[in-house]
Amino acid sequence: MGIPGVSQQRAVSQPPAQAPRESVGQHSLLQSGSRGSEVANLQQRLSQAGYQVGQKGVFDAKTDAAVRQYQKDKGLQVDGQVGQQTWGSFLGQKLPPGTQMLQGGQAPGGADPTGRNKDSFEPGGAQRPGGAGSPAAPAGTGSAQGPAGAFPASGSNKQKLDWAMKTAQAMGLRITSTTGGQHAPHSYHYLGRAVDVAGSPATMAKFYDLMHNTRPTELFYDPRGGVKNGQDIGAIGGHGDHVHVAF
Ligand SMILES: [Zn+2]
């Protein structure tokens, strides 16, 4: 980093040309009952955005209502939890729900050797293919033909997921997780939109390729790669022994 030739100089009297970029990594997960300066910071941002908050520094019922209204208005996941998606929104960044990018970010329950806590993690958000400037095709609108019939591209997310599960079973894969198990706090699993399937590596690869044609919301199988919101993002890790797909 730095500009060649001037990197040794110290600008003493001049203000920095650019303020240090604020990131969600400087913030922590806030929710009902949280207290402190981070809550005051949040409340200030909400107030500036026109929302009425409660007692300063206390994530009270009024603040909770403001957060939920803000999330609703911004098209974010409405859960009253101020995680990376909501913090990101205040900072002008579009991030997936979750807490991994936050200060000390880790899913509740500690390290997850299965890597499933990464299910909703979008690595390198801004650098992913098809980022700003290139309009992304809507996720889940591709076409695919499998042993369970044609992909219901115009169906509901539930119909799409049902099709994926039937396809997996018809291919001889077993479903290892739907809405249960250990996942990131805001994983699509808890929304009933994700399924994990497992079987032989060759069959998982075939399943991945078939699901890939549907441009799903999420698709992770490390040996093959990864998809987020219909876009290829490469392997994210932690998905070597199962395929995760979400619509
Ligand atoms: Zn999963």
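The paragraphs below set out a description of the structure included in this document.

## What about the side chain of Thr86?
Position of Thr86 among the secondary structure elements: in helix α3 (residues 84–90). Under the relative-accessibility criterion, Thr86 is labelled buried at 3%. In this view, Thr86 contacts Tyr70, Gln71, Leu76 and Gln81; residues no more than four positions away in its chain are not counted.

## Topic: the packing of aromatic side chains
Overall, the coordinates contain 5 aromatic pairs when judged by the stated rule. When the centroid spacing of 5.1 Å and the interplanar angle of 65° are considered together, the rings of Phe151 and Trp163 count as edge-to-face. Within this pair, whereas Phe151 is found in the loop between β2 (149–150) and α4 (157–170), its partner Trp163 is found in helix α4, the two being separated by 12 residues in sequence. Side by side, Phe151 and Trp163 carry an identical accessibility label, which is buried. One aromatic cluster is present, built from ring pairs that chain together Tyr51, Tyr70, Trp87 and Phe90.

## Concerning the environment of Glu218
Note that Glu218 resides in strand β5 (residues 218–221). The exposure class of Glu218 is buried, given its relative accessible area of 0%. For the pair Glu218 and Asn229, spaced 11 residues apart in sequence, the C-alpha separation works out to 6.1 Å. Side-chain polar atoms of Glu218 contact the side chain of His244, separated by 2.8 Å.

## Regarding the pairing of strand β8 (residues 243–246)
Regular strands place their side chains on alternate faces of the sheet. The two faces of β8 match: Val243 and Val245 on one face and His244 and Ala246 on the other face are all buried. Sheet analysis places β5 next to β8, joined by 3 bridges and oriented antiparallel. Of the residues in β8, the one forming a bridge with Glu218 is Ala246.

The rules behind each value
- Residues numbered from 1 in each chain as written.
- Predicted model: local features only at pLDDT ≥ 70, side-chain atom pairs only at ≥ 80, totals over all residues.
- Heavy atoms only, no water.
- Helix = DSSP H or I, 4+ residues; strand = E, 2+ residues; numbered from the N terminus.
- Buried < 20%, exposed > 50% of the residue type's maximum accessible area, 1.4 Å probe, protein only.
- Contact = heavy atoms within 4.5 Å.
- Phe/Tyr/Trp six-rings, centres within 6.5 Å; stacked < 30°, edge-to-face > 60°.
- Polar contact = N/O pair within 3.5 Å; in protein donor to acceptor, adjacent residues only side chain to side chain.
- Pairing = 2+ DSSP bridges.

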